[in-house]
Amino acid sequence: MNRRKNAESEPVRIKKFARFIAISGLPACLNPDPDSRLTSIVKVVRLSSIPFFPKRLKDKSMESFYFIGVDVSKKKLDFCVMFEGEVVHEEKTANHPSAIMALIHHLEENYGIEGSRMLVCAEHTGQYTFPLACACKALECKLWLENPAEIKYSSGVQRGKNDKVDAKRIAIYACRFQDKVQYYERPTEDIERLKQLESERTLYVNDLAKYKGQLNDQKDYMPKDLYERKIKRLQALMEDLEEAIQAITEEMDEVINSCPVLSRQKELLMSIDGVGRVVATNMIIVTEAFTRFEDPRKFNCYAGVAPFSYSSGSSQHSKARVSHRADKVMKRLLHLAAVAVTHRVGGELKMYYERKVAEGKNKMSVINALRAKIVARMFAVIKRNEKYKPILS
(Lines give C-alpha, C1' and ligand atoms only; values in the text may rest on other atoms or scores of the structure.)
Protein backbone atom coordinates (compact mmCIF):
# COMPACT_ATOMS: atom_id res chain seq x y z
CA MET A 1 0.00 0.00 0.00
CA ASN A 2 2.84 2.38 0.85
CA ARG A 3 4.55 1.67 -2.45
CA ARG A 4 1.35 2.53 -4.35
CA LYS A 5 1.01 5.82 -2.46
CA ASN A 6 4.62 6.74 -3.22
CA ALA A 7 4.16 5.87 -6.90
CA GLU A 8 0.94 7.95 -7.17
CA SER A 9 2.49 10.93 -5.36
CA GLU A 10 5.49 11.21 -7.74
CA PRO A 11 3.63 13.35 -10.38
CA VAL A 12 2.37 15.58 -7.58
CA ARG A 13 5.92 16.12 -6.36
CA ILE A 14 7.01 16.94 -9.91
CA LYS A 15 4.28 19.58 -10.28
CA LYS A 16 5.12 21.13 -6.91
CA PHE A 17 8.80 21.23 -7.79
CA ALA A 18 8.04 22.85 -11.18
CA ARG A 19 5.85 25.44 -9.46
CA PHE A 20 8.65 26.16 -7.02
CA ILE A 21 11.10 26.76 -9.87
CA ALA A 22 8.66 29.08 -11.60
CA ILE A 23 8.02 31.10 -8.41
CA SER A 24 11.68 31.27 -7.40
CA GLY A 25 12.62 32.79 -10.76
CA LEU A 26 15.45 30.46 -11.65
CA PRO A 27 17.05 31.41 -15.03
CA ALA A 28 15.46 29.62 -17.95
CA CYS A 29 18.78 29.61 -19.80
CA LEU A 30 19.78 26.63 -17.72
CA ASN A 31 17.61 24.55 -20.03
CA PRO A 32 15.70 26.52 -22.69
CA ASP A 33 13.69 23.55 -23.94
CA PRO A 34 10.51 23.20 -21.78
CA ASP A 35 10.25 19.45 -22.39
CA SER A 36 13.90 18.92 -21.55
CA ARG A 37 13.44 21.16 -18.52
CA LEU A 38 10.58 18.96 -17.33
CA THR A 39 12.76 15.88 -17.85
CA SER A 40 15.50 17.46 -15.75
CA ILE A 41 12.98 18.26 -13.04
CA VAL A 42 11.87 14.64 -13.00
CA LYS A 43 15.49 13.50 -12.61
CA VAL A 44 16.14 15.97 -9.78
CA VAL A 45 13.00 14.89 -7.93
CA ARG A 46 13.93 11.25 -8.24
CA LEU A 47 17.45 11.94 -7.01
CA SER A 48 16.07 13.92 -4.08
CA SER A 49 14.00 10.92 -3.00
CA ILE A 50 17.04 8.65 -2.75
CA PRO A 51 18.16 8.19 0.90
CA PHE A 52 21.54 9.52 1.94
CA PHE A 53 22.84 6.05 2.75
CA PRO A 54 22.40 3.81 -0.31
CA LYS A 55 20.82 0.43 0.16
CA ARG A 56 23.22 -2.47 0.41
CA LEU A 57 23.19 -4.64 -2.67
CA LYS A 58 21.78 -8.06 -1.77
CA ASP A 59 23.01 -11.32 -3.14
CA LYS A 60 20.30 -12.53 -5.51
CA SER A 61 21.20 -16.13 -4.69
CA MET A 62 20.08 -15.49 -1.08
CA GLU A 63 16.77 -13.74 -1.80
CA SER A 64 14.68 -16.79 -0.82
CA PHE A 65 16.80 -17.66 2.23
CA TYR A 66 15.50 -18.17 5.72
CA PHE A 67 17.78 -16.29 8.13
CA ILE A 68 17.90 -17.91 11.56
CA GLY A 69 19.33 -15.90 14.44
CA VAL A 70 20.50 -17.95 17.42
CA ASP A 71 21.30 -16.53 20.84
CA VAL A 72 23.65 -18.99 22.52
CA SER A 73 23.80 -19.57 26.26
CA LYS A 74 25.08 -22.41 28.40
CA LYS A 75 21.81 -24.33 28.85
CA LYS A 76 19.55 -23.20 25.99
CA LEU A 77 19.37 -21.57 22.57
CA ASP A 78 16.87 -18.96 21.39
CA PHE A 79 15.92 -19.23 17.71
CA CYS A 80 14.42 -16.45 15.58
CA VAL A 81 13.53 -17.28 11.96
CA MET A 82 13.16 -14.41 9.46
CA PHE A 83 11.92 -14.60 5.88
CA GLU A 84 11.70 -11.58 3.59
CA GLY A 85 12.37 -9.25 6.52
CA GLU A 86 9.62 -10.59 8.79
CA VAL A 87 9.79 -12.87 11.84
CA VAL A 88 7.99 -16.11 11.06
CA HIS A 89 9.01 -18.30 13.99
CA GLU A 90 10.55 -17.99 17.47
CA GLU A 91 11.39 -20.90 19.75
CA LYS A 92 13.71 -22.07 22.53
CA THR A 93 15.55 -25.36 22.72
CA ALA A 94 18.23 -27.06 24.79
CA ASN A 95 21.87 -26.52 23.89
CA HIS A 96 22.38 -30.11 22.76
CA PRO A 97 23.00 -31.44 19.23
CA SER A 98 19.96 -33.75 19.25
CA ALA A 99 17.60 -30.97 20.41
CA ILE A 100 18.99 -28.55 17.82
CA MET A 101 18.64 -31.10 15.02
CA ALA A 102 15.04 -31.82 16.07
CA LEU A 103 14.20 -28.11 15.93
CA ILE A 104 15.75 -27.68 12.48
CA HIS A 105 13.82 -30.72 11.20
CA HIS A 106 10.66 -29.17 12.63
CA LEU A 107 11.33 -25.93 10.72
CA GLU A 108 11.99 -27.83 7.50
CA GLU A 109 8.68 -29.71 7.78
CA ASN A 110 6.51 -26.75 8.83
CA TYR A 111 7.87 -24.20 6.36
CA GLY A 112 9.12 -26.48 3.62
CA ILE A 113 12.66 -25.22 3.97
CA GLU A 114 15.56 -27.04 2.42
CA GLY A 115 18.90 -27.08 4.17
CA SER A 116 20.48 -25.20 1.26
CA ARG A 117 18.04 -22.28 1.76
CA MET A 118 18.78 -21.84 5.43
CA LEU A 119 21.46 -19.62 7.00
CA VAL A 120 22.06 -20.01 10.74
CA CYS A 121 23.82 -17.04 12.34
CA ALA A 122 25.08 -16.91 15.93
CA GLU A 123 27.63 -15.07 18.02
CA HIS A 124 30.94 -16.87 18.45
CA THR A 125 30.89 -17.53 22.21
CA GLY A 126 33.60 -20.15 22.42
CA GLN A 127 32.84 -23.72 23.40
CA TYR A 128 29.11 -23.05 23.97
CA THR A 129 28.66 -22.99 20.17
CA PHE A 130 30.09 -26.51 19.81
CA PRO A 131 26.69 -28.34 19.87
CA LEU A 132 25.30 -25.90 17.28
CA ALA A 133 28.31 -26.44 15.00
CA CYS A 134 27.96 -30.21 15.30
CA ALA A 135 24.23 -30.10 14.49
CA CYS A 136 24.69 -27.81 11.47
CA LYS A 137 27.47 -29.97 10.12
CA ALA A 138 25.37 -33.12 10.49
CA LEU A 139 22.41 -31.51 8.66
CA GLU A 140 24.63 -29.69 6.12
CA CYS A 141 23.21 -26.30 7.12
CA LYS A 142 25.15 -23.11 6.48
CA LEU A 143 26.48 -21.71 9.76
CA TRP A 144 27.83 -18.20 10.27
CA LEU A 145 29.60 -17.53 13.57
CA GLU A 146 30.13 -13.78 13.84
CA ASN A 147 32.13 -11.63 16.22
CA PRO A 148 29.71 -10.39 18.94
CA ALA A 149 31.15 -6.87 18.68
CA GLU A 150 30.21 -6.70 14.98
CA ILE A 151 26.57 -7.49 15.81
CA LYS A 152 26.46 -5.20 18.83
CA TYR A 153 27.76 -2.06 17.11
CA SER A 154 25.68 -2.61 13.96
CA SER A 155 22.39 -2.68 15.89
CA GLY A 156 22.34 1.02 16.80
CA VAL A 157 21.38 2.38 20.21
CA GLN A 158 19.96 -0.41 22.35
CA ARG A 159 17.82 -0.28 25.47
CA GLY A 160 17.21 -3.42 27.45
CA LYS A 161 18.43 -6.91 26.76
CA ASN A 162 17.03 -10.43 26.79
CA ASP A 163 17.71 -13.62 24.88
CA LYS A 164 14.63 -13.39 22.67
CA VAL A 165 15.48 -9.86 21.52
CA ASP A 166 19.13 -10.81 20.99
CA ALA A 167 18.11 -13.69 18.72
CA LYS A 168 16.01 -11.28 16.64
CA ARG A 169 18.87 -8.79 16.41
CA ILE A 170 21.19 -11.53 15.19
CA ALA A 171 18.65 -12.59 12.55
CA ILE A 172 18.29 -8.97 11.40
CA TYR A 173 22.07 -8.67 11.23
CA ALA A 174 22.32 -11.79 9.05
CA CYS A 175 19.61 -10.46 6.74
CA ARG A 176 21.10 -6.98 6.40
CA PHE A 177 24.75 -7.97 6.06
CA GLN A 178 24.37 -11.15 4.05
CA ASP A 179 27.10 -9.96 1.68
CA LYS A 180 29.59 -10.23 4.58
CA VAL A 181 28.76 -13.85 5.34
CA GLN A 182 31.65 -16.18 6.14
CA TYR A 183 30.60 -19.79 6.53
CA TYR A 184 32.05 -21.48 9.57
CA GLU A 185 34.32 -24.44 9.03
CA ARG A 186 35.19 -26.56 12.03
CA PRO A 187 38.91 -27.03 12.68
CA THR A 188 40.43 -30.43 12.24
CA GLU A 189 40.24 -32.94 15.06
CA ASP A 190 43.93 -32.49 15.86
CA ILE A 191 43.57 -28.70 16.18
CA GLU A 192 40.54 -29.06 18.45
CA ARG A 193 42.38 -31.52 20.68
CA LEU A 194 45.38 -29.20 20.88
CA LYS A 195 43.13 -26.25 21.73
CA GLN A 196 41.46 -28.10 24.62
CA LEU A 197 44.77 -29.43 25.94
CA GLU A 198 46.46 -26.04 25.77
CA SER A 199 43.56 -24.45 27.63
CA GLU A 200 43.88 -27.03 30.41
CA ARG A 201 47.66 -26.68 30.52
CA THR A 202 47.40 -22.89 30.85
CA LEU A 203 44.97 -23.31 33.76
CA TYR A 204 47.41 -25.54 35.65
CA VAL A 205 50.40 -23.32 34.87
CA ASN A 206 48.60 -20.29 36.32
CA ASP A 207 47.69 -22.23 39.46
CA LEU A 208 51.27 -23.44 39.82
CA ALA A 209 52.60 -19.89 39.60
CA LYS A 210 50.07 -18.78 42.22
CA TYR A 211 51.16 -21.48 44.66
CA LYS A 212 54.85 -20.77 44.07
CA GLY A 213 54.25 -17.17 45.03
CA GLN A 214 52.94 -18.31 48.41
CA LEU A 215 56.23 -20.01 49.29
CA ASN A 216 58.15 -16.81 49.96
CA ASP A 217 55.53 -14.07 50.27
CA GLN A 218 54.22 -15.12 53.70
CA LYS A 219 57.34 -16.58 55.26
CA ASP A 220 58.01 -13.65 57.58
CA TYR A 221 54.39 -12.84 58.36
CA MET A 222 53.07 -15.96 60.11
CA PRO A 223 54.17 -18.42 62.84
CA LYS A 224 56.96 -20.74 61.77
CA ASP A 225 55.19 -24.02 62.57
CA LEU A 226 52.04 -22.92 60.74
CA TYR A 227 54.11 -21.80 57.78
CA GLU A 228 55.95 -25.15 57.57
CA ARG A 229 52.70 -27.14 57.52
CA LYS A 230 51.33 -24.84 54.83
CA ILE A 231 54.49 -25.29 52.76
CA LYS A 232 54.11 -29.09 52.86
CA ARG A 233 50.55 -28.86 51.57
CA LEU A 234 51.55 -26.42 48.85
CA GLN A 235 54.46 -28.58 47.74
CA ALA A 236 52.14 -31.59 47.46
CA LEU A 237 49.76 -29.55 45.31
CA MET A 238 52.61 -28.24 43.15
CA GLU A 239 53.97 -31.73 42.56
CA ASP A 240 50.55 -32.89 41.35
CA LEU A 241 50.25 -29.86 39.09
CA GLU A 242 53.72 -30.41 37.64
CA GLU A 243 52.87 -34.03 36.87
CA ALA A 244 49.61 -32.98 35.20
CA ILE A 245 51.39 -30.31 33.13
CA GLN A 246 54.03 -32.81 32.05
CA ALA A 247 51.37 -35.35 31.06
CA ILE A 248 49.45 -32.76 29.02
CA THR A 249 52.65 -31.58 27.32
CA GLU A 250 53.52 -35.14 26.30
CA GLU A 251 49.99 -35.70 24.96
CA MET A 252 50.22 -32.49 22.91
CA ASP A 253 53.56 -33.60 21.49
CA GLU A 254 51.99 -36.93 20.51
CA VAL A 255 49.16 -35.15 18.69
CA ILE A 256 51.60 -32.92 16.80
CA ASN A 257 54.02 -35.73 15.96
CA SER A 258 51.18 -37.92 14.66
CA CYS A 259 50.36 -35.28 12.00
CA PRO A 260 53.15 -34.63 9.47
CA VAL A 261 51.87 -31.13 8.66
CA LEU A 262 51.75 -29.98 12.29
CA SER A 263 55.09 -31.60 13.07
CA ARG A 264 56.74 -29.84 10.13
CA GLN A 265 55.21 -26.49 11.05
CA LYS A 266 56.41 -26.75 14.62
CA GLU A 267 59.90 -27.58 13.42
CA LEU A 268 59.94 -24.58 11.08
CA LEU A 269 58.62 -22.17 13.70
CA MET A 270 61.14 -23.21 16.35
CA SER A 271 63.98 -22.40 13.95
CA ILE A 272 63.23 -18.69 14.49
CA ASP A 273 65.07 -16.79 17.19
CA GLY A 274 62.78 -16.25 20.22
CA VAL A 275 60.19 -18.87 19.26
CA GLY A 276 60.00 -21.86 21.58
CA ARG A 277 57.67 -24.80 22.00
CA VAL A 278 54.86 -22.85 23.69
CA VAL A 279 54.83 -20.00 21.16
CA ALA A 280 55.02 -22.40 18.21
CA THR A 281 52.21 -24.58 19.54
CA ASN A 282 49.94 -21.61 20.24
CA MET A 283 50.61 -20.17 16.78
CA ILE A 284 49.53 -23.46 15.21
CA ILE A 285 46.38 -23.53 17.35
CA VAL A 286 45.34 -19.90 16.83
CA THR A 287 46.00 -19.87 13.09
CA GLU A 288 44.53 -23.39 12.70
CA ALA A 289 47.71 -24.66 11.05
CA PHE A 290 48.11 -21.31 9.20
CA THR A 291 44.81 -21.60 7.33
CA ARG A 292 42.89 -18.90 9.20
CA PHE A 293 45.04 -15.87 8.29
CA GLU A 294 46.36 -15.05 4.83
CA ASP A 295 49.27 -12.80 5.76
CA PRO A 296 51.14 -11.56 8.87
CA ARG A 297 49.53 -8.09 8.74
CA LYS A 298 46.09 -9.51 9.48
CA PHE A 299 47.48 -11.62 12.28
CA ASN A 300 49.26 -8.59 13.77
CA CYS A 301 45.92 -6.81 13.88
CA TYR A 302 44.33 -9.85 15.54
CA ALA A 303 47.11 -10.15 18.13
CA GLY A 304 47.20 -6.44 18.99
CA VAL A 305 50.60 -5.77 17.44
CA ALA A 306 49.60 -3.48 14.54
CA PRO A 307 49.55 0.24 15.52
CA PHE A 308 46.65 2.48 14.49
CA SER A 309 46.58 6.27 14.19
CA TYR A 310 44.11 8.33 16.23
CA SER A 311 43.47 11.77 14.74
CA SER A 312 40.46 13.97 14.15
CA GLY A 313 40.30 17.44 12.64
CA SER A 314 42.96 19.91 13.71
CA SER A 315 42.91 19.35 17.46
CA GLN A 316 43.42 15.63 18.03
CA HIS A 317 46.70 14.21 16.77
CA SER A 318 47.89 11.46 19.12
CA LYS A 319 50.64 9.00 18.40
CA ALA A 320 49.81 5.71 16.73
CA ARG A 321 49.18 2.99 19.28
CA VAL A 322 48.03 -0.61 19.36
CA SER A 323 44.40 -1.49 19.99
CA HIS A 324 43.11 -3.29 23.07
CA ARG A 325 40.80 -5.37 20.86
CA ALA A 326 43.20 -8.28 20.59
CA ASP A 327 43.94 -11.84 21.60
CA LYS A 328 45.66 -11.02 24.89
CA VAL A 329 47.09 -14.53 25.34
CA MET A 330 48.81 -14.49 21.97
CA LYS A 331 49.97 -10.91 22.51
CA ARG A 332 51.55 -11.88 25.83
CA LEU A 333 53.38 -14.82 24.28
CA LEU A 334 54.71 -12.67 21.46
CA HIS A 335 55.82 -10.08 24.00
CA LEU A 336 57.72 -12.70 25.99
CA ALA A 337 59.36 -13.93 22.79
CA ALA A 338 60.45 -10.38 21.90
CA VAL A 339 61.76 -9.70 25.43
CA ALA A 340 63.71 -12.98 25.34
CA VAL A 341 65.38 -11.80 22.14
CA THR A 342 66.53 -8.57 23.82
CA HIS A 343 68.36 -10.60 26.48
CA ARG A 344 70.28 -12.71 23.98
CA VAL A 345 74.01 -12.22 23.45
CA GLY A 346 73.78 -11.71 19.70
CA GLY A 347 71.55 -12.13 16.68
CA GLU A 348 69.80 -9.99 14.09
CA LEU A 349 66.88 -8.99 16.27
CA LYS A 350 69.18 -8.17 19.19
CA MET A 351 71.26 -5.90 16.95
CA TYR A 352 68.09 -4.28 15.61
CA TYR A 353 66.88 -3.62 19.16
CA GLU A 354 70.16 -2.05 20.27
CA ARG A 355 70.39 0.11 17.13
CA LYS A 356 66.88 1.51 17.49
CA VAL A 357 67.29 2.19 21.22
CA ALA A 358 70.56 3.99 20.48
CA GLU A 359 68.68 6.16 17.97
CA GLY A 360 66.38 7.30 20.77
CA LYS A 361 63.35 5.14 20.03
CA ASN A 362 61.06 4.17 22.88
CA LYS A 363 61.93 0.69 24.13
CA MET A 364 58.33 -0.55 24.12
CA SER A 365 57.89 0.68 20.54
CA VAL A 366 60.99 -1.26 19.52
CA ILE A 367 59.75 -4.38 21.34
CA ASN A 368 56.44 -4.07 19.50
CA ALA A 369 58.39 -3.90 16.23
CA LEU A 370 60.21 -7.08 17.29
CA ARG A 371 56.85 -8.78 17.78
CA ALA A 372 55.86 -7.86 14.24
CA LYS A 373 59.18 -9.11 12.87
CA ILE A 374 58.81 -12.44 14.66
CA VAL A 375 55.29 -12.85 13.26
CA ALA A 376 56.48 -12.01 9.75
CA ARG A 377 59.25 -14.60 10.00
CA MET A 378 56.85 -17.26 11.24
CA PHE A 379 54.55 -16.74 8.27
CA ALA A 380 57.55 -16.64 5.91
CA VAL A 381 59.02 -19.98 6.97
CA ILE A 382 55.61 -21.65 6.68
CA LYS A 383 55.03 -20.19 3.23
CA ARG A 384 58.47 -21.19 1.95
CA ASN A 385 58.57 -24.48 3.86
CA GLU A 386 62.16 -23.76 4.85
CA LYS A 387 63.85 -23.23 8.18
CA TYR A 388 64.85 -19.69 8.98
CA LYS A 389 68.37 -18.76 7.98
CA PRO A 390 69.85 -15.58 9.50
CA ILE A 391 71.09 -13.07 6.95
CA LEU A 392 74.26 -12.46 8.93
CA SER A 393 75.28 -16.10 8.59
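Below or above, wherever it landed, is the structure these notes cover. Bear in mind that the values here come from a model prediction, so they are computed numbers and not experimental data.

How each quantity is defined
- Residues numbered from 1 in each chain as written.
- Predicted model: local features only at pLDDT ≥ 70, side-chain atom pairs only at ≥ 80, totals over all residues.
- Heavy atoms only, no water.
- Helix = DSSP H or I, 4+ residues; strand = E, 2+ residues; numbered from the N terminus.
- Buried < 20%, exposed > 50% of the residue type's maximum accessible area, 1.4 Å probe, protein only.
- Contact = heavy atoms within 4.5 Å.
- Areas by Shrake-Rupley, 256 points an atom, 1.4 Å probe, with all protein chains shown as cover.
- Phe/Tyr/Trp six-rings, centres within 6.5 Å; stacked < 30°, edge-to-face > 60°.
- Lys NZ or Arg CZ within 6 Å of the ring centre and 35° of its normal.
- Pairing = 2+ DSSP bridges.
- Axes fitted to C-alpha atoms, helices over the stretch in contact; angles between N-to-C directions.
- Parallel < 35°, antiparallel > 145°, perpendicular 65-115°, else oblique.
- Left-handed = near helix turned anticlockwise from the far one by under 90°.
- Nonpolar A, V, L, I, M, F, W, Y, C, P; charged D, E, K, R; others polar.
- Salt bridge = Lys/Arg side-chain N within 4 Å of Asp/Glu carboxyl O.
- Core = buried A, V, L, I, M, F, W, Y, C linked by side-chain atoms within 4.5 Å.

1. Brief notes about the overall build of the chain
When its secondary structure is counted, the chain shows 14 helices and 7 strands. Sorting the 393 residues of the chain into buried and exposed places 34% on the buried side. Across the chain, the fraction of contacts at a sequence separation of at least 24, relative to all contacts at a separation of at least 6, is 59%. By element, 53% of the accessible surface of the chain is carried by carbon and sulfur atoms, the whole surface being about 25000 Å².

2. Some details on the side chain of His89
Along the chain, His89 falls in strand 3 (residues 86–94). The contact partners of His89, leaving out residues within four places of it in the chain, are Phe79, Cys80, Val81, His106, Leu107 and Tyr111.

3. Quick notes on the packing of aromatic side chains
In total, this model carries 10 aromatic pairs according to the counting rule given. Ring geometry for Phe65 against Phe67: centres 6.4 Å apart, planes inclined by 40°, an arrangement best described as tilted. No difference in accessibility class separates Phe65 from Phe67, as the two residues are buried. Considering the side-chain rings of Phe293 and Phe299, the 5.3 Å spacing of their centres and the 90° angle between planes classify their relative orientation as edge-to-face. Side by side, Phe293 and Phe299 carry an identical accessibility label, which is buried. Taken together, Phe290, Phe293, Phe299, Tyr302 and Phe379 form an aromatic cluster joined through their ring pairs. Directly above the aromatic system of Tyr310 lies the positively charged group of Arg321, at a separation of 4.0 Å from the ring centroid.

4. A closer look at the sheet that holds strand 2 (residues 76–83)
Reading across from one edge, 3-2-1-4-5 is the order of the 5 strands in this open sheet, with mixed pairing throughout. Edge strands, defined here as strands with exactly one partner in the open sheet, are strand 3 and strand 5 (142–146). Geometrically, the sheet is characterised by an average inter-axis angle of 20° between neighbouring strands, direction not taken into account. Two strands pair when backbone bridges link them, and strand 1 (residues 66–72) and strand 2 are joined in this way by 7 bridges, in the antiparallel orientation. Across the sheet, the residue bridging to Ile68 is Val81, located in strand 2. Strand contacts of helix 3 (residues 97–111): strand 1, strand 2, strand 3 and strand 4 (118–123), with the helix running at about 150° to strand 3, the strand carrying the most contacts.

5. Considerations on the packing of helix 7 (residues 189–217) against helix 8 (residues 224–258)
Any two packed helices are characterised by the angle at which their axes cross and by the distance between the axes. Contact geometry for helix 7 and helix 8: axes closest at 9 Å, N-to-C directions at 160°. The orientation of helix 7 with respect to helix 8, classified from their angle, is roughly antiparallel. When the axes of helix 7 and helix 8 are compared, the crossing they make is left-handed. Within the contact of helix 7 with helix 8, the residues separate by chemical class into 19 nonpolar, 3 polar and 10 charged.

6. Structural notes on the pattern of salt bridges
Taken as a whole and assessed by the stated rule, the structure comprises 18 salt bridges. Among the salt bridges present, the one from Arg201 reaches Glu198, with a minimum N-O distance of 3.2 Å. Within this pair, Arg201 and its partner Glu198 are both found in helix 7, separated by 3 residues, close to a single helical turn. In this pair, the class of Arg201 matches that of Glu198, namely buried. Taking the shortest distance from any N to any O, the salt bridge between Glu359 and Lys356 comes out at 3.7 Å. When salt bridges that share partners are traced, they join Lys76, Asp78 and Asp163 into one network.

7. Details of the nonpolar core
Leu269, Met283, Phe299 and Met378 are the most contacted members of the largest nonpolar core, which has 43 residues in total. Listing elements by their share of this core, those giving two or more residues are helix 7, helix 8, helix 9 (260–269), helix 10 (277–286), helix 11 (296–303), helix 12 (328–342), helix 13 (348–358) and helix 14 (363–384). With 9 residues, the top contributor of residues to this core is helix 14. Leu269 has contacts with Val275, Ala280, Met283, Ile284, Phe290, Met378, Val381 and Ile382, leaving out every residue within four places of it along the chain. Of all hydrophobic cores here, the second largest spans 24 residues; its members include Tyr66, Ile68, Ala133 and Leu139.

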